[in-house]
Amino acid sequence: MKSLAELEAIRQKTLDKVSMRKDADDSIRVVVGMATCGIAAGARPVMLKFLDEIQKRSLKNVTVSQTGCIGMCRLEPMLDVIVPGKEKVTYVKVNPDMVARIVAEHIVNGRVVTEYTIGAAEGK
Amino acid sequence: MDLFRAHVLVCGGTGCTSSGSAELIKRFEEQIEKNGLDKEVKVVRTGCFGLCEAGPVVIVYPEGTFYSRIRPDDVDEIVSEHLLKGRIVQHLVYKEKADEEQHLTLENIDFYRPQKRLALRNCGVIDPENIDEYIAFDGYKALGKALTEMTPEQVCDEVLKSGLRGRGGAGFPTGKKWQFAAASKSDVKYMVCNADEGDPGAFMDRSVLEGDPHAVLEAMTIGGYAIGAHQGYIYVRAEYPIAVKRLEIAIQQAHEYGVLGKNIFDSGFDFDIAIRLGAGAFVCGEETALMHSIEGGRGEPKPKPPFPAVKGLFEKPTNINNVETFANIPQIILHGADWFRSIGTERSTGTKVFALGGKINNTGLVEVPMGTKLRDIIFNIGGGIPNGKAFKAVQTGGPSGGCIPAEHLDIPIEYDTLTQIGSMMGSGGMIVMDEDNCMVDIARFFLDFTVDESCGKCTPCRIGTKRMLEILERIVEGKGEEGDIEKLEALGKNIKETALCGLGQTAPNPVLSTIHYFRDEYEAHIREKRCPAHHCQKLLNYEITDKCRGCTACAKVCPVGAISGSVKEMHKIDVLKCIKCGSCMEKCRFGAIVKN
């Protein structure tokens, strides 16, 4: 160990992997519907893609968790992105190819990907 | 290390390991793989969470769900419900009261809410065998700060200013100790960590070593820099195999990362640490005896002065601190002395870890700010006395401390207040006693321990404590004589004043404090040959009352044929034949047999 900078580099590298164990109430939550319907519709690859993207971008304060069926099984895979202080956004019929855009636009830049949301899907 | 969406933290402390947590980890790994979750969920073995009573403990993040008393069969359900489908398994979640039905996380459990975890901050949070996780929680940052931004004098000053006092029990200001060692001129000095925790029922240091070994290494290195030592020793008892193993791993990892070894943080400072195993003698917790043991000699104390800071290990200036003291150091350096002073009270700053045991609902490890009331620890955090019994006393400081009765429950816990009421802080063992505990027998128990552990070097301790024990044994057997209490008091005072080391000087404390607060119990044993707590077997008499229906069950179970009487008539116990085994009382269905 040569310097504090070197130590900080190691710290940063591990931090986002353990940050869920710290008390962070300001974290962005991605909640994926993972009941039987969600899993059957392909929620698992979607969630793995999220983990992958978060890792690639070394995002801190993002937790990925899962939830049960919310009763709109025909729209699965569904997921919520919950940014503290803002309204919950629900994305529907998500496939792994859509994930990169949700992460880049919504989670990183705060712009909701309107065309993927439940409003867009049901509004038509 | 990859990113996982969920972490399953399984307690790997001694308590939970003995209740089967290693088996749980294996089962979790199997089940997680079977369900194809091995890329999403990570299993981490941590140090002690503190709530050993509810072990084995499992916490699932990010929800922070607190599962307690998990058996291997429960694992399948947690994996298939919680981890796979995201549904919390309610019936396995820790409940404070039987009728509670809610999602409890660590922060909103009564046991944890009043606590402030400084020394235990990483216990139950990080994987103790992974240096990266320690670094992620600000590990080794304090060492970097000390070596690159502070002079050794500044480090000593900061520790002195923080008001940190020795957590091994005596409460000597740590900063002052470091300054003494720093002031000694010598080419070789030593930094020693006293991990020879020996009080019956105490496991604070053990948990720190098992849950956060790097904190101790970091603090010892900071201390080495402050006093000018380049070699450290951790003296730990061989009965702590998990602690020893994790220390060995930690030392190896610290070498790989260069936070131990040559030229740490490019500052030109070298430091190394070696482990020395003790064979488990209580007296080796005394610093001069401990140093003799490291040198390879017999664990016997020697008179002070010269103090270790002048002439210690291998005749060189040496500084010795306790594990918990060390565990506080990195944060003092990192956040400053003023921050540390803001916790606790004026004369006792910071927090103290206590090992709660005895007649208490939540057996386990707690850390509270100094100045917290005993009542809060026992009744709020500890959950009170089981089975609706009444609180009688709490023993602090182990065999060196004293018993504190109910009337002092509202005093704030500080080094000085505890000494004033005839006990001491000690290393942090806290044994709770209820109305069924006989105080004379408690005193006998602790003295029995010190007589066993006395090294025999000085006469007051070797012979004096033995004589005291003989008197106490006589009293609990109903052979006490008038004047015994006064003899105990006189002997106790003599031993305290004349014994060579801390072991002997404090050995009479449990006897003197119980005489002080519970003299009436001693008198009842001696004068009336009666044990008020109905505990001392030799002083008990079993009697059959008129509730007896004459079922003959008691007469049949009595191993010595002391019970006579015919069917459907009241039976009678022959006191001379009775061996007071209690079998008849257990057998009686009508509650007709009483002891008094």
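Residues numbered from 1 in each chain as written. Chains lettered and ligands numbered in written order. Predicted model: local features only at pLDDT ≥ 70, side-chain atom pairs only at ≥ 80, totals over all residues. Heavy atoms only, no water.

Trainee: Just checking my understanding: could you explain the overall build of chain B for this structure?
Mentor: Tallying secondary structure elements over chain B gives 23 helices and 18 strands in all. For chain B, the C-alpha radius of gyration of 27 Å lies close to 25 Å, the compact-globule estimate for 596 residues. With the C-alpha coordinates aligned to their principal axes, the bounding extent of chain B is approximately 90 × 65 × 40 Å. Looking at the 596 residues of chain B, the share that counts as buried comes to 59%. In chain B, the share of contacts with a sequence separation of at least 24, taken over all contacts with a separation of at least 6, comes to 70%. As displayed, chain B has an accessible area near 23100 Å², and 49% of this comes from carbon and sulfur atoms. Positive and negative charge centroids in chain B, built from 70 and 82 side chains respectively, lie 5 Å apart. (Helix = DSSP H or I, 4+ residues; strand = E, 2+ residues; numbered from the N terminus. Rg over C-alpha atoms; globule rule 2.2 N^0.38 Å. Buried < 20%, exposed > 50% of the residue type's maximum accessible area, 1.4 Å probe, protein only. Contact = heavy atoms within 4.5 Å. Areas by Shrake-Rupley, 256 points an atom, 1.4 Å probe, with all protein chains shown as cover. Lys, Arg positive; Asp, Glu negative; His and termini not counted. Charge placed at Lys NZ, Arg CZ, Asp CG, Glu CD.)

Trainee: So what exactly am I meant to see when it comes to the interface of chain A and chain B here?
Mentor: The figure often quoted for interface size is the accessible area lost as the parts come together. Listed as interface residues are 31 residues of chain A and, on the opposing side, 44 residues of chain B. Contact between chain A and chain B buries roughly 3200 Å² in total, counting both sides, with carbon and sulfur atoms accounting for 62%. Three residues, A:Met1, A:Met20 and A:Arg21, lead the burial of chain A against chain B; their summed loss comes to 25% of the area buried on that side. Our count for the chain A to chain B interface comes out at two salt bridges. In this structure, B:Glu40 engages A:Arg44 in a salt bridge whose closest nitrogen and oxygen atoms are separated by 2.7 Å. Joining chain A to chain B, the criterion identifies five residue pairs in polar contact (both at pLDDT 80 or more). Those elements giving two or more residues to the side of chain A that touches chain B turn out to be α1 (4–18), α3 (43–56) and β2 (62–67) of chain A. Looking at the side of chain A that touches chain B residue by residue, the class counts come to 14 nonpolar, eight polar and nine charged. (Buried area = accessible area lost by both parts, 1.4 Å probe. Salt bridge = Lys/Arg side-chain N within 4 Å of Asp/Glu carboxyl O. Polar contact = N/O pair within 3.5 Å; in protein donor to acceptor, adjacent residues only side chain to side chain. Nonpolar A, V, L, I, M, F, W, Y, C, P; charged D, E, K, R; others polar.)

Trainee: I tried to follow the pairing of strand β1 (residues 28–33) of chain A on my own but got confused; where do I start?
Mentor: In summary, the side chains of a regular strand alternate between the two faces of the sheet. All names here are of chain A. Most of β1 is tucked away, with five of its six residues classed as buried. Of the pairings in the sheet, the one linking β1 to β2 comprises six bridges and is parallel in character. Each residue of the ladder has a partner; that of Val-30, found in β2, is Val-64. In terms of strand pairing, β1 meets strand β3 (residues 79–82) through four bridges, oriented antiparallel. What sits directly across from Val-32, in β3, is Leu-79. (Pairing = 2+ DSSP bridges.)

Trainee: Teacher, can you tell me more about helix α18 (residues 484–498) of chain B here?
Mentor: Residues spaced three or four apart along an α-helix point in a common direction, a consequence of the helix completing one turn every 3.6 residues. Residue and element names in this part refer to chain B. Under the 1.5 Å per step criterion, the end-to-end length of α18 is 21 Å for 15 residues, consistent within 8% with the ideal 21 Å. Buried within α18 we find Asp-484, Ile-485, Leu-488, Gly-492 and Ile-495. Each buried residue of α18 sits inside an arc of 95° when the element is viewed along its axis, so together they form one side. If you follow the buried residues of α18, they end up packed against α17 (459–476), α19 (502–506), α20 (509–517) and α21 (519–527). (Expected span 1.5 Å × (residues − 1). Arc of directions from axis to C-beta.)

Trainee: How should I be thinking about a negative patch on the surface in this particular structure?
Mentor: Taken together, B:Glu23, B:Glu29, B:Glu30, B:Glu33 and B:Asp38 make up a surface patch of like negative charges. Looking at the secondary structure, you find B:Glu29 in helix α2 (residues 21–34). (Patch = residues over 30% accessible without salt bridge, like charges linked within 9 Å, V, L, I, M, F, W, Y side chains within 5 Å.)

Trainee: So what exactly am I meant to see when it comes to the nonpolar core here?
Mentor: Note that soluble globular proteins tend to have their nonpolar side chains buried in a common cluster. Counting residues in hydrophobic clusters, the biggest one holds 75 residues, and the most contacted among them are B:Tyr140 and B:Trp178. At nine residues, the largest contribution of residues to this core is made by helix α9 (residues 213–227) of chain B. Discounting chain neighbours no more than four positions away, the residues touching B:Tyr140 are A:Leu7, B:Ile131, B:Tyr134, B:Ile135, B:His214, B:Leu217, B:Glu218, B:Ala254, B:Val259 and B:Phe265. Listed in part, the 47 residues of the second largest apolar core include B:Tyr94, B:Ile377, B:Ile385 and B:Val432. (Core = buried A, V, L, I, M, F, W, Y, C linked by side-chain atoms within 4.5 Å.)

Trainee: Please explain the environment of B:Phe445 as it appears in this structure.
Mentor: All names here are of chain B. With respect to the helices and strands, the residue Phe-445 is situated in helix α16 (residues 439–453). For Phe-445, a relative accessible area of 42% translates into the label partly exposed. Separated by 27 residues in sequence, Phe-445 and Leu-472 have C-alpha atoms that sit 9.5 Å apart.

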